[in-house]
Amino acid sequence: MVVKVKDLVKRYRDILALDHLSFSINEGEVFGLLGPNGSGKTTAINCILSLLKYDRGEIWIFGQPMRPDAYDIKRNIGIVMQNIAVYNELTAYQNIDYFCGLYVKDKNQRKKLVNEAIEFVGLGEFTKFYPRKLSGGLLRRLNIACGIAHKPKLIILDEPTVAVDPQSRNKILEGILELNKQGATIIYTSHYMDEVEQICSRILIIDKGREIATGTKDELKAMISLGEKITVESYSITEKQISAIKKLPGITSVDYKNNALIIKSGKGTNNLETVLDFIRKENIHFGRIYSEMPTLNDVFLEITGKELRD
């Protein structure tokens, strides 16, 4: 077990930021930590890193109790926070070399690690550029290179793809999966549910400092009542037809706005064929029609009552 958090409590005066939070992360996992704004994610990460004092609880990393002076543990942790943390007066190469040098003193070894990090994030053409000359996506890649150059066993990535172009976003996600293949255990936070579905092997949802649900994406989806969601684009449907659809077997809700009919079914029911038969029978003119199974966003909304970005 790489990380173990037990009964973690953190108060800010009258605000209970972490309410007896407990979870564990196994070696080799890409562990998603999700929650709406103010849920306690950042507080939990800062406590794990011993950057913040907490009121009670236990934190173990690599089987050892985590403390502010546990430098032997911290040497094996890489941190890539949401805010870009590089020095503007240093080039891309010098930034990576500086941060790697905090952990690796041997110059020859450090040079090898820095060059590997540069190649890994695709900054080979930009090593002599200063941060102000880099695009947002390249800055994010530089930020990641600075956090992982020393080859940490545990990597914490907090919103690493915020405000980047699609090409850089894909490059970053591919890099995270490659780091995991190379043996790193990863804690990942994001507001992009599709990213979490794509790369996380297990997910913890927290709200108000407490665990709400944990499991694989399939286990989380099995917890909610929502089943199939059918979307029908139509300009000609009537209120009478909408009322009739609501009475079809297995249908839990029907909503029509902006010329899109959203039909939701209960868990375990598939109603696409039934809906298509009804549309043909009623001669309803439609554009596209498509069916979706529950997403992590649906899970999050049903479990917390909020959108992830609320």
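Everything here concerns the structure above.
Residues numbered from 1 in each chain as written. Predicted model: local features only at pLDDT ≥ 70, side-chain atom pairs only at ≥ 80, totals over all residues. Heavy atoms only, no water.

Things to note about the overall build of the chain
Now for step 1: Scanning the chain for helices and strands turns up eleven helices and 14 strands.
Now for step 2: Expressed along its principal axes, the backbone C-alpha trace of the chain runs to roughly 75 × 50 × 35 Å.
Now for step 3: The proportion of buried residues among the 310 residues of the chain is 46%.
Now for step 4: In the chain, of all internal contacts separated by at least 6 residues, the share reaching a separation of at least 24 is 66%.
Now for step 5: By element, 49% of the accessible surface of the chain is carried by carbon and sulfur atoms, the whole surface being about 16,100 Å².
Now for step 6: Separation between the mean location of the 43 positive side-chain charges and that of the 39 negative ones in the chain comes to 5 Å. (Helix = DSSP H or I, 4+ residues; strand = E, 2+ residues; numbered from the N terminus. Buried < 20%, exposed > 50% of the residue type's maximum accessible area, 1.4 Å probe, protein only. Contact = heavy atoms within 4.5 Å. Areas by Shrake-Rupley, 256 points an atom, 1.4 Å probe, with all protein chains shown as cover. Lys, Arg positive; Asp, Glu negative; His and termini not counted. Charge placed at Lys NZ, Arg CZ, Asp CG, Glu CD.)

Considering the side chain of asparagine 95
Now for step 1: Residue position: asparagine 95 is located in helix H3 (residues 92-101).
Now for step 2: Among the polar contacts listed, one links the side chain of asparagine 95 to the backbone nitrogen of tyrosine 87, at a separation of 2.7 Å.
Now for step 3: Excluding residues that lie within four positions of it along the chain, asparagine 95 makes contacts with Val86, Tyr87, Leu90, Pro131, Leu142 and Cys146. (Polar contact = N/O pair within 3.5 Å; in protein donor to acceptor, adjacent residues only side chain to side chain.)

Some words on the sheet that holds strand S3 (residues 30-34)
Now for step 1: An order of S6-S7-S8-S3-S9-S10 is seen for the six strands of this open sheet, with the pairing classed as mixed. Looking along the sheet, the strands with just one partner apiece sit at the ends: strand S6 (77-80) and strand S10 (210-215). Across the sheet, the mean angle separating the axes of adjacent strands is 15° when strand polarity is ignored.
Now for step 2: Two elements, S3 and strand S9 (residues 202-207), share four bridges in a ladder whose sense is parallel. In the sheet register, glycine 32 faces S9, and the bridge partner there is isoleucine 203.
Now for step 3: Contacting S3, strand S7 (154-158), strand S8 (185-189) and S9, helix H1 (residues 41-48) runs over the sheet at an angle of about 130° to S3.
Now for step 4: Sitting on the sheet, helix H5 (residues 136-148) touches S6 and S7, and the angle it makes with S6 is about 165°. (Pairing = 2+ DSSP bridges. Axes fitted to C-alpha atoms, helices over the stretch in contact; angles between N-to-C directions.)

Quick look at the sheet that holds strand S14 (residues 289-292)
Now for step 1: If you walk across this open sheet you meet the four strands as S12-S13-S11-S14, and the pairing is antiparallel. A single partner strand is all that each edge strand has here, and the edge strands are strand S12 (251-257) and S14. The average undirected angle you get between the axes of adjacent strands in this sheet is 15°.
Now for step 2: Of the strands in this sheet, S12 and strand S13 (260-266) are in contact with helix H9 (residues 239-246), which crosses S12 at around 160°.

Re the pattern of salt bridges
Now for step 1: A full pass over the atoms with the stated rule returns twelve salt bridges.
Now for step 2: One salt bridge connects arginine 169 with aspartate 194, and the closest N-O pair in it is separated by 3.0 Å. Of this pair, arginine 169 sits in helix H6 (residues 166-181) while aspartate 194 is found in helix H7 (residues 193-199), placing the two residues 25 residues apart along the sequence.
Now for step 3: Residue arginine 169 is classed as partly exposed on the basis of its relative accessible area, which comes to 21%.
Now for step 4: Looking at aspartate 194, the relative accessible area reads 45%, which means it is partly exposed.
Now for step 5: A salt bridge links aspartate 277 to arginine 280, with the shortest nitrogen-to-oxygen separation between them at 3.1 Å. (Salt bridge = Lys/Arg side-chain N within 4 Å of Asp/Glu carboxyl O.)

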